[in-house]
Amino acid sequence: SELIALLDGEGRATYASPAFARVLGYAPDRLLGWGVLRLLHADDAAVTRAALAELLREPGGQRELRVRARQAGGGWRTCATPCRPRSPARRRKT
């Protein structure tokens, strides 16, 4: 299952796929407006934050990250996640 999240410029979820419920135990609607980097292990959150900042400066770039995500019931799950910025034409107006 793919965990798909769309983030705003502050790292808050504007969309979370239904897979979050199956994989991590979080209802997708509960993640909206929430800083999803808080789900990541502290060591992985720092690396992810840096990678996202770099991607915002590098249009068309993409990174594959392996992160540990906190499950709703406790514990960690390792996830591989591709990260890329959305093209300006595909961004939703809020």
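Rules used throughout
- Residues numbered from 1 in each chain as written.
- Predicted model: local features only at pLDDT ≥ 70, side-chain atom pairs only at ≥ 80, totals over all residues.
- Heavy atoms only, no water.
- Helix = DSSP H or I, 4+ residues; strand = E, 2+ residues; numbered from the N terminus.
- Rg over C-alpha atoms; globule rule 2.2 N^0.38 Å.
- Buried < 20%, exposed > 50% of the residue type's maximum accessible area, 1.4 Å probe, protein only.
- Areas by Shrake-Rupley, 256 points an atom, 1.4 Å probe, with all protein chains shown as cover.
- Lys, Arg positive; Asp, Glu negative; His and termini not counted.
- Charge placed at Lys NZ, Arg CZ, Asp CG, Glu CD.
- Salt bridge = Lys/Arg side-chain N within 4 Å of Asp/Glu carboxyl O.
- Pairing = 2+ DSSP bridges.
- Core = buried A, V, L, I, M, F, W, Y, C linked by side-chain atoms within 4.5 Å.
- Contact = heavy atoms within 4.5 Å.

**Student:** Help me understand the overall build of the protein chain in this model?
**Tutor:** Secondary structure summary: the protein chain contains three helices and four strands in total. When its helices and strands are written in sequence order, the protein chain yields β-β-α-α-α-β-β. On C-alpha atoms alone, the protein chain measures out to a radius of gyration of 13 Å, which is about the 12 Å that the 2.2 N^0.38 rule sets for 94 residues. Out of the 94 residues belonging to the protein chain, those deemed buried represent 28%. Here the protein chain has roughly 6400 Å² of accessible surface; of this, 51% comes from carbon and sulfur atoms. Computed over 17 positive and 9 negative side-chain charges, the separation of the two mean positions in the protein chain equals 5 Å.

**Student:** So what exactly am I meant to see when it comes to the pattern of salt bridges here?
**Tutor:** Note that side chains of opposite charge can pair when their charged atoms are close. Applying the stated criterion across every chain yields a total of three salt bridges. In this structure, the salt-bridge partner of Asp-8 is Arg-12, at a minimum N-O distance of 3.1 Å. Exposure remark for Arg-12: the relative accessible area of 36% places this residue in the partly exposed category. Linking Glu-54 and Arg-63 is a salt bridge whose minimum nitrogen-to-oxygen distance equals 2.2 Å. For Glu-54, a relative accessible area of 31% translates into the label partly exposed. On the basis of relative accessible area, Arg-63 is assigned to the partly exposed category, the value being 23%.

**Student:** In this structure, what is going on with the pairing of strand 4 (residues 76–83)? I would like to understand it.
**Tutor:** In regular strands, side chains alternate between the two faces of the sheet. Pairing analysis gives eight bridges linking strand 3 (residues 63–70) to strand 4, with the strands arranged antiparallel. Directly across from Arg-66, in strand 4, lies its bridge partner Ala-80. Counting the residues that bridge the hairpin from strand 3 to strand 4 gives five residues, and of these Gly-74 lies at a positive phi of roughly 100°.

**Student:** It is not clear to me how the nonpolar core should be interpreted in this structure. Could you clarify?
**Tutor:** Where a protein is soluble and globular, its nonpolar side chains tend to be buried together. Core analysis: the biggest nonpolar cluster contains 18 residues, and Phe-20, Leu-24, Leu-31 and Leu-40 have the highest contact counts within it. If you list the elements that add at least two residues to this core, you get helix 1 (19–23), helix 3 (42–57), strand 3 and strand 4. If near-sequence neighbours (up to four positions away) are discounted, Leu-31 is found in contact with Ala-13, Ala-16, Phe-20, Tyr-26 and Leu-39.

**Student:** Just checking my understanding: could you explain the side chain of Ser-17 for this structure?
**Tutor:** Of note, Ser-17 is situated in the loop between strand 2 (13–16) and helix 1. A relative accessible area of 4% means that Ser-17 is categorised as buried.

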